[in-house]
Amino acid sequence: MSRETEDDAYTDFVTTAWPRHLRTATLIAGDRHRGEELLQDCLVKLYVRWRRMRTDDPHAYLRRMLVNNHISWWRRRRRELLIAEPPDGPSGGTAGPEASDELYRALRELPPRQRAVIVLRHFEDLTEKDAAAVLGCSVGTVKSQHSRAMARLRTVLARNSTGDGEPSGDRSGSHAPHRRPHRPQQHHQPKNRTKNQESATR
């Protein structure tokens, strides 16, 4: 196959791959702008390998590149910032309409690998075996990461639904500060009273 024919095949692939994988890239990256950059970077790298990859499943290969490249980017950023848990939310640009959705915001609070497991299993509809192949890990790892991610998502969604973790409903209840009941002031008669004062009150 000539180079021109290969380029035409790659162009056709990109036309199909961009809308198909943009949502996955956005969910994995946690931000529409970063997702577009991630997908574009992976497509450029895929072009270099296109002659070798086009006979396989380029969509599966691209999906694997999206996950691995984002995790590598996150690790580099983590080392550069020198903090335990760097912010993984949007850093600018125009977010897509999904950015305002509660579930998408909750996804952004997951660590990159847990987020990737959720995206691959529930948005890409991959089996545990296929997700493990994309992530380059065992099926057991996918199961454990999925369990932790779901538990974290439930916690985040419950917290957001009640407003920063405060229980819904009547918040006065047993947590209200205890106040002593008001007692009417008693007016005591002075003990040292003269005989004239006693007779005047009779």
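Residues numbered from 1 in each chain as written. Predicted model: local features only at pLDDT ≥ 70, side-chain atom pairs only at ≥ 80, totals over all residues. Heavy atoms only, no water.

Colleague: Even after reading the chapter, I still don't get the overall build of the protein, so can you show me in this structure?
Modeller: Within the protein one finds 9 helices and 0 strands. Reading the helices (α) and strands (β) of the protein from amino to carboxyl end gives α-α-α-α-α-α-α-α-α. Long-range contacts, defined as pairs at least 24 residues apart, comprise 61% of the intrachain contacts of the protein with a sequence gap of at least 6. A total of about 13,500 Å² of accessible surface is found on the protein, and carbon and sulfur atoms cover 49% of it. (Helix = DSSP H or I, 4+ residues; strand = E, 2+ residues; numbered from the N terminus. Contact = heavy atoms within 4.5 Å. Areas by Shrake-Rupley, 256 points an atom, 1.4 Å probe, with all protein chains shown as cover.)

Colleague: Teacher, can you tell me more about the nonpolar core here?
Modeller: Nonpolar side chains in soluble globular proteins tend to end up buried together. Residues Leu46, Leu62 and Val67 are the most contacted members of the largest nonpolar core, which totals 38 residues. Mapped onto this core, the elements with two or more residues apiece are helix H1 (3–29), helix H2 (32–48), helix H3 (50–53), helix H4 (58–81), helix H5 (102–107), helix H6 (112–123), helix H7 (128–135) and helix H8 (139–162). No other element matches the 8 residues that H1 contributes to this core. (Core = buried A, V, L, I, M, F, W, Y, C linked by side-chain atoms within 4.5 Å. Buried < 20%, exposed > 50% of the residue type's maximum accessible area, 1.4 Å probe, protein only.)

Colleague: Is there a simple way to explain the packing of aromatic side chains in this structure?
Modeller: Two descriptors summarise a pair of aromatic rings, namely the distance from one centre to the other and the angle between the planes of the rings. One pass over the structure, following the stated rule, counts 4 aromatic pairs. Seen in terms of ring centroids, Tyr10 and Trp50 are 5.4 Å apart; in terms of plane orientation they differ by 75 degrees. Their pairing is edge-to-face. Of this pair, Tyr10 sits in helix H1 while Trp50 is found in helix H3, placing the two residues 40 residues apart along the sequence. Tyr10 gets classed as buried once you look at its relative accessible area, which sits at 12%. Judged by relative accessible area, Trp50 falls into the buried class, the value being 6%. Here Tyr104 and Phe123 contribute two aromatic rings whose centre-to-centre distance is 6.2 Å and whose plane-to-plane angle is 55 degrees, an arrangement assigned as tilted. Of this pair, Tyr104 sits in helix H5 while Phe123 sits in helix H6; the two residues are 19 residues apart in sequence, bridging distant segments of the chain. (Phe/Tyr/Trp six-rings, centres within 6.5 Å; stacked < 30°, edge-to-face > 60°.)

Colleague: How should the confidence of the model for the protein be read in this particular structure?
Modeller: Reading predicted coordinates in detail is not appropriate for stretches of low pLDDT. When pLDDT is averaged along the protein, the result is 75, and 64% of the positions lie at 70 or above. For the protein, helix H9 (residues 195–200) is the element with the lowest average pLDDT, namely 48, and H7 is the one with the highest, namely 93. Counting contacts from residues 165–181, a segment whose pLDDT is below 50, to residues more than four positions away or on other chains yields 4 contacts. (pLDDT = per-residue confidence, 0-100.)

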